[in-house]
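Examining the three-dimensional arrangement
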Amino acid sequence: AAVNTGSSGGALINGQGQLIGITSANYTRTGGSLGIALATPVEIISKVLRDIVDYGFVVRGWIGLKLTQITAELAKQRGFSTSSGVMVTFIHPQSPAASAGIKLGDIITAIDNKPINTGHDGLLEVAEMEPGKTVSISLIRDEQATSLDIQLDIRPINAK
């Protein structure tokens, strides 16, 4: 769909006239409509709208971690036996992760049995879940596979 500068926020519809997204940005070399157009899927827009109406803000699941992707180079440098998953690099002190016993250097391999390969994937997976839900975190600690159950919370406004 052609998106011109200034037309962000418009409906993106399919051939049957159904709303499938809201246009949000475009990238072009010339500033015209030829280029890459981006839209936010209607599922995300609907959740955001419901949350704002119900709570006054967007509600996202939160466990309180910062994560780094395990690359082959990082695995070799740290002596890890795996190059998949994400390494915990920060734990918010008052977070569900801290309460559940997650430790710096833990390697998270899955959330609710869904493999996690990048920090973005892991945090997005959690953010899309409802606060209050208990999730299973599969991890490797000291070369031993284990899992922990964590009850998601609502991300505090000032959380990093």
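I will try to describe carefully the structure that is included in this document. (Residues numbered from 1 in each chain as written. Predicted model: local features only at pLDDT ≥ 70, side-chain atom pairs only at ≥ 80, totals over all residues. Heavy atoms only, no water.)

**A few points about the side chain of S138**
- Structurally, the position occupied by S138 is in strand β9 (residues 134–141).
- Apart from residues lying up to four places away in sequence, S138 is in contact with I107, I108, T109, A110, T146 and S147. (Helix = DSSP H or I, 4+ residues; strand = E, 2+ residues; numbered from the N terminus. Contact = heavy atoms within 4.5 Å.)

**Topic: the side chain of D106**
- Residue position: D106 is located in the loop between α3 (96–100) and β7 (107–111).
- Using a relative accessible area of 2% as the deciding quantity, one classes D106 as buried.
- Ignoring anything within four residues of it in the chain, the contact list for D106 reads V86, M87, V88, G101, L139, I140 and R141. (Buried < 20%, exposed > 50% of the residue type's maximum accessible area, 1.4 Å probe, protein only.)

**Digging into the pattern of salt bridges**
- Inspection of the entire model under this criterion finds four salt bridges.
- For K133, the salt bridge goes to D112, with nearest N and O atoms at 3.3 Å. One end of the pair, K133, is in the loop between α4 (119–127) and β9; the other, D112, is in the loop between β7 and β8 (114–115), with 21 residues separating them in the sequence. (Salt bridge = Lys/Arg side-chain N within 4 Å of Asp/Glu carboxyl O.)

**Quick look at the sheet that holds strand β2 (residues 19–27)**
- Pairing is antiparallel across the open sheet formed by three strands, whose spatial order is β1-β2-β3. What marks the edges here is a single partner per strand, and that holds for β1 (11–13) and β3 (36–41). Neighbouring strand axes in the sheet, compared pairwise and without regard to direction, differ in orientation by 50° on average.
- By the bridge criterion, six bridges tie β2 to β3 in an arrangement that is antiparallel. The partner of A25 across the bridge, within β3, is L38.
- On the sheet, helix α1 (residues 42–55) packs against β2 and β3 and is oriented at approximately 45° with respect to β3. (Pairing = 2+ DSSP bridges. Axes fitted to C-alpha atoms, helices over the stretch in contact; angles between N-to-C directions.)

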